[in-house]
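Chains, contacts and geometry: an overview
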Amino acid sequence: MQLSREDEQFRDRLRRWLAENLTGRFAALRGAGGPGREHEAHDERLAWNRHLAAAGWTCLGWPAEHGGRGATLAQQVIFHEEYARSGAPSRVGYLGEELLGPTLIAFGTPEQQRRFLPAIRAVDELWCQGYSEPGAGSDLAAVATTAAPDGDEWVITGQKIWTSLAHVADWCFLLARTQAGSRRREGLSYLLVPMRQSGITVRPIRQLTGTSEFNEVFFDGARTRRDLVVGSAGDGWRVAMGTLSFERGVATLGQQIGFERELGRLVEAARRTGVAADPVLRDKLARAWIGLAAMRAHALDTLAAGPEAADAAPSVLKVLWSRWHQELGELAMEVLGAPSMVARGEPYDLDDWQRLFLFSRADTIYGGSDEIQRNIIAGRALGLPRQARP
């Protein structure tokens, strides 16, 4: 990606700001949060995220009329990379800023944009995503949650699962079936639902790491206003697919910087313990570096192609990073050897490598399982026929 002089000046301003502000009360937040670690310093990270917002460092890619900076693609890449390099904590408002905000800009009404975008930008309201269900995980078109009209409201009944950060969210954007008797992609609507009401129950799901950032959410007569449909009633599939396209956007470059840091630390551990002399492990570490370089090249090519990129490009990237990261966790256990089997404290105090290994088991499931992503690649990129169903 070619960078202009303005882009480099943007990078310099951002680096200075991060260096000057990740100090004092925020200094201890370096490296906090992220997948498998969302329980860490939530309130403090929320304060940091609002500090970012006050300085104009949230929603960079949004158009200026919606409170963003209208930053170029290159500048957005720079932001995510430099943010990751600085060790700044994981952002609490990610789902609103990176997923719902762009969805409302693309599909929402002016009233919805005025109501929700300023609060997302300021990190005053937190969001969760209500897509997956017990019977509709990767097969999103099998959604069974229903929403029925009742006067000027929708009444929602059903269950969502693997709902990240639902326990701290103020609102949920969810997919529900609003047309009785409809099947698959037809009759779905994309609703905005307040979480703080008696008709919603949130139950944390304890993971292998001992943490609970995923939740199951029960809607038992929950309500939301009739006008809080994004797009139109019955058009939810198109809007939901739009959200998924934003999910696998420019932020993946920052994610890869985090991966690079993890790999670097693992190489250091291999040298420190002496296992780097093992030719098999040395080869695996080299292959991990090559895989990361290929992943970055693919991400940059996909972003540069813009709307011309193949429909399956985000699925290719998802398969690349999820498998790579899962294999890195496995490689960490090989590098560390037998001590990796023992928790460092009671009752279940894991170190960073153990947490990486255990939590990365979910990488190939959440956000669309690898099996579903490969089907998308086969159909949309390779033109292969759909697999026959019984």
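Everything numeric in this text was worked out from a predicted model, so none of it was measured.

About the thresholds
Residues numbered from 1 in each chain as written. Predicted model: local features only at pLDDT ≥ 70, side-chain atom pairs only at ≥ 80, totals over all residues. Heavy atoms only, no water. 1 Å grid on protein atoms, 1.4 Å probe; cavity = no way out; pocket = protein on both sides within 12 Å on 5 of 7 lines; lining within 4 Å. Points joined across faces, edges and corners; volume = space filled by probe spheres on them. Nonpolar A, V, L, I, M, F, W, Y, C, P; charged D, E, K, R; others polar. Pairing = 2+ DSSP bridges. Helix = DSSP H or I, 4+ residues; strand = E, 2+ residues; numbered from the N terminus. Buried < 20%, exposed > 50% of the residue type's maximum accessible area, 1.4 Å probe, protein only. Contact = heavy atoms within 4.5 Å. Axes fitted to C-alpha atoms, helices over the stretch in contact; angles between N-to-C directions. Parallel < 35°, antiparallel > 145°, perpendicular 65-115°, else oblique. Left-handed = near helix turned anticlockwise from the far one by under 90°.

**What about empty space enclosed by the protein?**
Under the criterion given, the structure shown has one cavity of 30 Å³ or more. The calculated volume of the largest cavity comes to roughly 60 Å³. Lining the largest cavity we find Glu38, His42, Arg45, Val92, Leu95, Leu126, Trp127, Leu165, Val168 and Ala169. In terms of residue class, the lining of the largest cavity is made up of seven nonpolar, one polar and two charged.

**Some words on the pairing of strand β2 (residues 146–150)**
Here five bridges tie β2 to strand β3 (residues 153–160), and the two strands are oriented antiparallel to one another. Its bridge partner being in β3, Thr146 is matched across the sheet by Thr157. Taken together, β2 and the strand that follows it, β3, pair antiparallel across an intervening segment of two residues, in which Gly151 is found at a positive phi of about 65°.

**Considering the environment of Ala147**
With respect to the helices, strands and loops of the structure, Ala147 is situated in strand β2. By relative accessible area, Ala147 is classed as buried at 3%. As a C-alpha pair, Ala147 and Leu188 span 41 residues in sequence and 9.2 Å in three-dimensional space. Apart from residues no more than four positions distant in its own chain, Ala147 is found in contact with Trp154, Val155, Ile156, Ala176, Arg177, Thr178 and Leu191.

**Let's talk about the packing of helix α7 (residues 251–273) against helix α9 (residues 313–336)**
Between α7 and α9, the least distance of the axes is 11 Å, while the angle of their chain directions is 20°. Relative to α9, the element α7 is oriented roughly parallel. Here the hand of the crossing between α7 and α9 comes out left-handed. Each of Thr252, Gln255, Gln256, Phe259, Glu262, Leu263, Leu266, Ala269, Ala270 and Thr273 in α7 lies in contact with α9, whose residues at this interface are Leu317, Trp321, Trp324, His325, Leu328, Leu331, Ala332 and Val335. Class assignment for the residues of the contact of α7 with α9 results in 12 nonpolar, five polar and one charged.

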